[in-house]
Amino acid sequence: MTEIRIIKHGSPEYEAEVALRDRVLRKPLGLVYTPEQLAAEKDEIHFNAFIDGKLAGCLLMRPLSADEIKMRQVAVDENFQRRGIGKVLVGHSEMYAAEHGFKLISLHSRDTAVEFYKSLGYECAGEGFTEVTIPHHRMIKKLY
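The next point concerns the pattern of salt bridges. Counted by the stated rule, this structure contains 12 salt bridges. For Asp22, the salt bridge is made with Lys27, and the minimal N-O distance between the two is 3.5 Å. Judged by relative accessible area, which is 56%, Lys27 ranks as exposed. Between Lys141 and Glu94 there is a salt bridge, with the nearest N and O atoms lying 3.1 Å from each other. Of the two residues, Lys141 is situated in strand β8 (residues 134-142) and Glu94 in helix α3 (residues 85-99); the sequence distance between them amounts to 47 residues. Classification of Lys141 by relative accessible area gives buried; the value is 18%. Judged by its relative accessible area of 14%, Glu94 falls in the buried class.

This next bit is on unusual backbone geometry. Phi is positive for Asp52, which is not a glycine, with a value near 50°. Relative to the assigned elements, Asp52 resides in the loop between β2 (45-51) and β3 (54-63). Residue class for Asp52 comes out exposed when judged on its relative accessible area of 74%. Despite not being glycine, Thr133 shows a phi value in the positive range, around 75°. The topology assignment puts Thr133 in the loop between β7 (129-131) and β8.

Attention shifts here to the nonpolar core. In this structure, Met61, Met71 and Tyr122 are the most contacted members of the largest nonpolar core, which totals 27 residues. Put simply, the parts of the chain that give this core at least two residues each are β2, β3, β4 (68-76), α3, β5 (104-110) and α4 (114-119). A total of five residues in this core trace back to one element, the largest contributor, which is α3. When neighbours within four sequence positions are excluded, Met71 is seen to be in contact with Leu59, Leu60, Met61, Val90, Ser93, Ile105, Ser106, Leu107, His108, Tyr117 and Tyr122. Within the second largest apolar cluster, 12 residues are counted, among which are Tyr14, Tyr33, Leu38 and Ala75.

Glancing now at the side chain of Gln73. Tracing the backbone shows Gln73 in strand β4. Ignoring anything within four residues of it in the chain, the contact list for Gln73 reads Arg21, Leu25, Arg26, Tyr33, Cys58, Leu59 and Leu60.

Cut-offs and rules
Along each chain, residue indices are assigned from 1 in the same order as the chain's sequence is written. Since the coordinates come from a predicted model, pLDDT governs what is reported: local features require at least 70, and pairs of side-chain atoms require 80 or more to be given and counted, while whole-chain, interface and lining totals use all residues. For side-chain calculations, the full set of non-hydrogen atoms in the structure is used, while hydrogens and water are omitted. The salt bridge criterion pairs a side-chain nitrogen of Lys or Arg with a carboxyl oxygen of Asp or Glu, the two atoms within 4 Å. Exposed residues in this analysis have more than 50% of their type's maximum accessible area, buried residues have under 20%, and partly exposed residues fall in between, with area computed by a 1.4 Å probe over protein chains only. A helix here means a DSSP run of H or I that spans at least four residues, while a strand means a run of E at least two residues long, and both kinds are numbered starting from the N terminus. We define a nonpolar core as any set of buried Ala, Val, Leu, Ile, Met, Phe, Trp, Tyr and Cys residues linked to one another through side-chain atoms lying within 4.5 Å. In this description, contact between two residues means that some pair of their heavy atoms is separated by no more than 4.5 Å.

Structure below.
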């Protein structure tokens, strides 16, 4: 069973989250997190998925306005991929956003993940663009 918890920036769980994101999202692109990037995450909401006490995935959310919150840095450990953990994380974050009064979730999806987000009700908004050296699309989902 997947347990979803919100963890604190700077905690041991946060350090494990950063290591996971680095391994899954950054290293394959030859990129590393800067101290400034990590410090800027202090006020974000950090959702972590655990299976049998092991970190299996994560997702961050950053409020952009009273109505919009941005989903970012979604990563699932290679050993836990294709088990629905990403879907559980997204669903949990959507419930959190709705409960906290947000009306819209936006995200920047790598081209390789667009179909995953479409399957969860997200729509592409605007033209594609390059971010962190690879093609992305802005996607949105209205919450009701």
